Amino acid sequence: MSRVRVSVFIALLTLLSPASYGQNWAGILAPTRAIDWSNAGVRGGIPNNTTICTTLNPGATAPQINSAIAACGSGKVVMLNAGTYNLSAGIVFNGKSGVTLRGAGADKTFLVFTNDGGCHGYAAAICVDSSDTNWPGGPSNSANWTAGYSKATTTITLSSVSNLKVGSPLMLDQVDDASDTGTKFVCQNPSTNPPCSLEGNNNNGARNNRDQEQIVQVTSISGNNVTITPGLYATNWSSGKSPGAWWANSPISSSGVESLSIDNTNSNGARGVEIFNCIDCWVSGVRGIRSARSHVEIMASARITVRDSYFYLTQNAVSQSYGVSPYGSTDVLVENVIFQYIATPLQINGCTGCVLSYNFAINNYYEGAVGYVMPAFMVHTAGDDLILLEGNVGSQTYADVFHGTHNLMTYFRNYFSGNQPACYNGQQFHFSPCNSHQIPIILQSYNRGFNLLGNVLGQAGLEQSYENGTKPIYDLGGGNTEGNVTVNGDPLVVTTLMRWGNYDTVTGGVRFLGSEVPSGLSNYANPVPPSQTLPDSFYLSGKPAWWPAGKAWPPIGPDVTGGNIAGVGGHAYTIPAQDCYLNVMAGPADGTGNVLSFNADTCYSTTQIDPPSGLQATPH
């Protein structure tokens, strides 16, 4: 079920040049505000490895599974047959590349943990990790980055290349902005004047005060000149910001976890799967149950794919309760995933060039406040940059000020209702209708250069104002206060924001307005698009191979008609992950209830079609 992908690298010469695959936004977005998002995920797609090196049966211990991984050859599979594996320790790859850990299906192979693997301090049930602890607080290798800073550059110069190898990932970074630039602003220090964050850096995978990052892959080394792929994404790399690089001695690559269930209910393991210092690794067809912190955490890694999976509940339903959470990573793809009962399903804590697409989140369970709607998608830390959200269905997207600034995000063809079907009512696992924080899009201070294109926003009869009023569609530029720190409001959130072709339930129409396009900026300006025609996708070349036959494509947008989600003018169909949850898994429409059986192969049948128009899905 992996997506067919073709890598095409064609230079975009002007805004109106023909779009290459991954640059379907050409003619709509300015090149300074977007990148080639087809780079996201495992290069070439998740490999279909079929050669089994070891087959294990229920009763196998974690050490036996770890030994099988260590002995397995590259491109081969450690197979866990159907049944329940009661594990009192974690599964650890320990620097083993090219190995797939595969079960017989998430509804057949059950890993039940009562303890975790240490995973370099990132406790996890399954640790897909490099052998050396290369982390932002103590890089295995580091160097100054002395030349090559222009956007799209593929050759850079380092002061040292010791232990750097062709094929390895390379972390690039630079010092944060000391004060507000008035345009793109990278900052996480609550002590700036005025403060740019409430709490400062939250261990976001970046070196201290160096939050702008991009992880690239080394393709050749000549002296101290290093050729990389992809080219540089950002336009603000600068010799004046002490740019630098760091890298692992022995990064892991091309390993993955597939087709099994991870139950952390009785474990103190903070994470279901930790991916650490990896390139081209993956999680696919996995069910996760009640991890303590996050179901999948991605640390200092690039081109990671998490797809076709189902994650249910976390042990803590207030703070640090996540589904998938990248830290200090690049080109991560989270695609076609179901999130149920998780406080913040997609919490982005430092990610560049990442793609979050066609995911469904329901009943984001939060015990921090009665009746409070939690965001399905949240950018949370300085270093979140040039991310694409496409085709998702959920309650809300929220860009906050807790741990710093965020820049140049693109939201394309999503449905955010501003609500969820059930909220915490003051007693654990007791629910009432939601009555607080019911807003589809929240962009607080220092969230600049965002692009909101072709989205469907709101729930009929709920929102009452368009922008910054009572129950608005958009809450833009507001500050926040925590303790003795106040982040002021920021008018540049609105003046740098691009809105084009969005439908909302307050105005009741699709808005293609030149007044909502930031065409007059001195930096990161975006010309008014010459057409109201939108591409189907900003990262896919066409309808993906995994999309069910007969299912509407694209499912959401101003050009979609006859959609089966009620109350949004026919502009939105349910997405495959949502259909899987509602129709195949038979999940309750309010998202409450026990964990469900899940198998990706049966959930995403290629014969699945939309319900008849008379059977409309309830908006979430």
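These figures come from a predicted structure and were not determined experimentally.

About the thresholds
Residues numbered from 1 in each chain as written. Predicted model: local features only at pLDDT ≥ 70, side-chain atom pairs only at ≥ 80, totals over all residues. Heavy atoms only, no water. Helix = DSSP H or I, 4+ residues; strand = E, 2+ residues; numbered from the N terminus. Rg over C-alpha atoms; globule rule 2.2 N^0.38 Å. Buried < 20%, exposed > 50% of the residue type's maximum accessible area, 1.4 Å probe, protein only. Contact = heavy atoms within 4.5 Å. Lys, Arg positive; Asp, Glu negative; His and termini not counted. Charge placed at Lys NZ, Arg CZ, Asp CG, Glu CD. Disulfide = S-S within 2.5 Å. Pairing = 2+ DSSP bridges. Axes fitted to C-alpha atoms, helices over the stretch in contact; angles between N-to-C directions. Arc of directions from axis to C-beta. Phe/Tyr/Trp six-rings, centres within 6.5 Å; stacked < 30°, edge-to-face > 60°. Lys NZ or Arg CZ within 6 Å of the ring centre and 35° of its normal.

## Some points on the overall build of the protein chain
Reasoning step 1: Scanning the protein chain from terminus to terminus reveals four helices and 52 strands.
Reasoning step 2: For the protein chain, whose C-alpha radius of gyration is 23 Å, the value lies close to the compact-globule estimate of 25 Å for 620 residues.
Reasoning step 3: Across its three principal axes, the protein chain shows a C-alpha extent of roughly 60 × 60 × 50 Å.
Reasoning step 4: Here the protein chain holds 620 residues, and the buried ones make up 63% of them.
Reasoning step 5: In the protein chain, the proportion of contacts linking residues at least 24 apart, taken out of those at least 6 apart, comes to 70%.
Reasoning step 6: Side chains of the protein chain carry 27 positive and 38 negative charges; the gap between the two charge centres is 6 Å.

## Some details on the state of the cysteines
Reasoning step 1: If you walk through the whole model with that rule in mind, you get seven disulfides.
Reasoning step 2: For cysteine 580, the disulfide goes to cysteine 603, at an S-S distance of 1.4 Å. Measuring handedness by torsion sign, the sulfur bridge of cysteine 580 and cysteine 603 sits at about 70 degrees and is right-handed. Here cysteine 580, found in helix 3 (residues 576–584), pairs with cysteine 603, found in helix 4 (residues 600–603); they are 23 residues apart in sequence, far enough to count as distant. A single burial state applies to cysteine 580 and to cysteine 603, both of which are buried.

## A few points about the sheet that holds strand 44 (residues 451–453)
Reasoning step 1: The strand order across the open sheet built from twelve strands is 1-2-5-15-19-22-26-30-34-38-44-50, with neighbouring strands paired in parallel fashion. Among the strands making up the open sheet, the edge pair consists of strand 1 (52–56) and strand 50 (498–500). Going from strand to strand, the sheet's axes swing by 10 degrees on average, the running direction of each strand aside.
Reasoning step 2: Relative to strand 30 (residues 355–357), strand 26 (residues 333–335) is paired through three bridges, and the arrangement is parallel. Bridge assignment links valine 334 to a residue of strand 30, and that residue is leucine 356.

## Here we look at helix 1 (residues 62–71)
Reasoning step 1: Of the positions making up helix 1, those classed as buried are Ala62, Ile65, Asn66, Ala68 and Ile69. Projected down its long axis, helix 1 shows its buried positions confined to an angular sector of 160 degrees, all on one face. Facing away from the buried side of helix 1 by over 90 degrees, the exposed positions are Pro63, Ala70 and Ala71.
Reasoning step 2: Taken together, the buried residues of helix 1 touch strand 1, strand 2 (76–80), strand 3 (83–87), strand 4 (91–92) and strand 5 (99–103).

## Observations concerning the packing of aromatic side chains
Reasoning step 1: Within the structure shown, the criterion is met by 27 aromatic pairs.
Reasoning step 2: Summarising the aromatic geometry, the rings of tyrosine 122 and phenylalanine 276 are spaced 5.6 Å apart at their centres and angled 40 degrees between planes, so their arrangement reads as tilted. Taken as a pair, tyrosine 122 in the loop between strand 6 (109–113) and strand 7 (124–129) and phenylalanine 276 in strand 17 (residues 271–276) lie far apart in primary sequence, 154 residues in all.
Reasoning step 3: For phenylalanine 276, a relative accessible area of 0% gives the class buried.
Reasoning step 4: For the ring pair tyrosine 341 and phenylalanine 429, a centre distance of 5.8 Å and an interplane angle of 40 degrees mean the geometry is tilted. You can see tyrosine 341 sitting in the loop between strand 27 (338–340) and strand 28 (344–348) and its partner phenylalanine 429 sitting in the loop between strand 40 (423–424) and strand 41 (431–432), a full 88 residues away along the chain.
Reasoning step 5: Given a relative accessible area of 4%, tyrosine 341 falls into the buried group.
Reasoning step 6: A relative accessible area of 31% places phenylalanine 429 in the partly exposed class.
Reasoning step 7: Three or more aromatic residues joined by ring pairs form one cluster here, namely Tyr312, Tyr341, Tyr365, Tyr424, Phe429 and Phe431.
Reasoning step 8: For arginine 499, the ring lying beneath its charged end belongs to tyrosine 474, and the centroid distance is 4.6 Å.
Reasoning step 9: Over the face of the ring belonging to tyrosine 466 we find arginine 511, whose NZ or CZ atom lies 4.1 Å from the ring centre.

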